[in-house]
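Residue strings, one per chain:
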Amino acid sequence: MADRPPHDHAYQNMFSHAQMVRDLLCGFVPEAWVSELDFSSLEKISGRHLSDDLRGRESDVIWRLRLRHEWLYVYLLLEFQSRDDRWMALRVLVYTGLLYQDLIRTRVVGRGERLPAVFPIVIYNGRKPWRAARELAELIEPLPAGLQAYRPNQRYFVLDERWADGDESGHETASGDPGNLVRTLIDIERATDRERLYELVTDLSRRLAAPQHDSLRRAFTTWLNQVVVKRVAPTDNPPQYQDLQEVGTMLEQMEARSASGRASRGP
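Cut-offs used in this document
Residues numbered from 1 in each chain as written. Predicted model: local features only at pLDDT ≥ 70, side-chain atom pairs only at ≥ 80, totals over all residues. Heavy atoms only, no water. Patch = residues over 30% accessible without salt bridge, like charges linked within 9 Å, V, L, I, M, F, W, Y side chains within 5 Å. Areas by Shrake-Rupley, 256 points an atom, 1.4 Å probe, with all protein chains shown as cover. Salt bridge = Lys/Arg side-chain N within 4 Å of Asp/Glu carboxyl O. Helix = DSSP H or I, 4+ residues; strand = E, 2+ residues; numbered from the N terminus. Buried < 20%, exposed > 50% of the residue type's maximum accessible area, 1.4 Å probe, protein only. Axes fitted to C-alpha atoms, helices over the stretch in contact; angles between N-to-C directions. Parallel < 35°, antiparallel > 145°, perpendicular 65-115°, else oblique. Left-handed = near helix turned anticlockwise from the far one by under 90°. Contact = heavy atoms within 4.5 Å. Nonpolar A, V, L, I, M, F, W, Y, C, P; charged D, E, K, R; others polar.

Caption draft 1: Local environment of a nonpolar patch on the surface. Among the surface-exposed residues, Trp87, Leu90 and Val94 lie close enough to one another that they form a single nonpolar patch of about 270 Å² accessible area. Here Trp87 lies in the loop between strand S3 (70-79) and helix H4 (88-105). Overall, Trp87 belongs to the partly exposed group, its relative accessible area being 41%.

Caption draft 2: Region of interest: the packing of helix H5 (residues 181-190) against helix H6 (residues 194-207). Running from N to C, H5 and H6 cross one another at 155 degrees; their axes reach a closest spacing of 10 Å. One way to sum up the angle between H5 and H6 is to call them roughly antiparallel. Judged by the twist between their axes, the crossing of H5 over H6 is left-handed. Touching Leu181, Thr184, Asp187 and Ile188 of H5 are Arg196, Leu197, Leu200, Val201, Leu204 and Arg207, all from H6. Taken together, the residues that form the contact of H5 with H6 break down as six nonpolar, one polar and three charged.

Caption draft 3: Quick look at the pattern of salt bridges. The full count for this structure, using the stated rule, is twelve salt bridges. Put simply, Asp23 and Arg22 hold a salt bridge, and the shortest N to O gap is 2.6 Å. The partner of Arg91 in a salt bridge is Glu79, and the shortest N-O contact between them spans 3.0 Å. With Arg91 in helix H4 and Glu79 in strand S3, this residue pair connects regions lying twelve residues apart in the sequence. Of the residues examined, Arg91 reaches a relative accessible area of 11% and is grouped as buried. In this structure Glu79 comes out as buried when scored by relative accessible area, which is 1%.

Shown next as structure tokens:
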């Protein structure tokens, strides 16, 4: 596998916030069971409870929450490579198995109990659409009828950021909820000009202005420093901004200078 890009940690930081997990599931997973989730029960699984094999997946994030009366584990795999991974279904099977082993080892699942459901989500932002098989069965040679019952299977969900269409708006709601922040993250990833980036970052800064959003606001600022600032100001030592408002001001000033330059050159 190729070296993981530096903004993996920034994404991990953002998806370590319950609001982002809620927005991801509610806005981009069009399945009926999502409406039955108890988001107040969201709990991030600490790395100290995981085996060395899973802790080695530093960019992955694991949460659990209640689905009806049972726990559902949401396994987020952050894939920031130039293209998809043909063997992802097999990797997901391995990671799910490791998670199950950890739940047994730590006695989260006791003797006589069943293993909980795991919902694996691959978050991908490559330039080309994700085309890898989403079910392990597609990677296995066709089997005679008698052997099909022994064929392992695993399916995973993909959020392909460049092609995703969520159901929720990335705008603040009347109740003060900041709106779907995953939708906003994707809009920023897709934005191709500084004026649009300025609008998005300024709106995001306003929506995350309340004190209860301070941690997520810092997480977005870190991500913008590592991704957006480097994109619009590609230098060896780009400045590191301390707040969303500072990033917005930078984008506004850059656009103003660009507009002035265009005006001085004339038609």
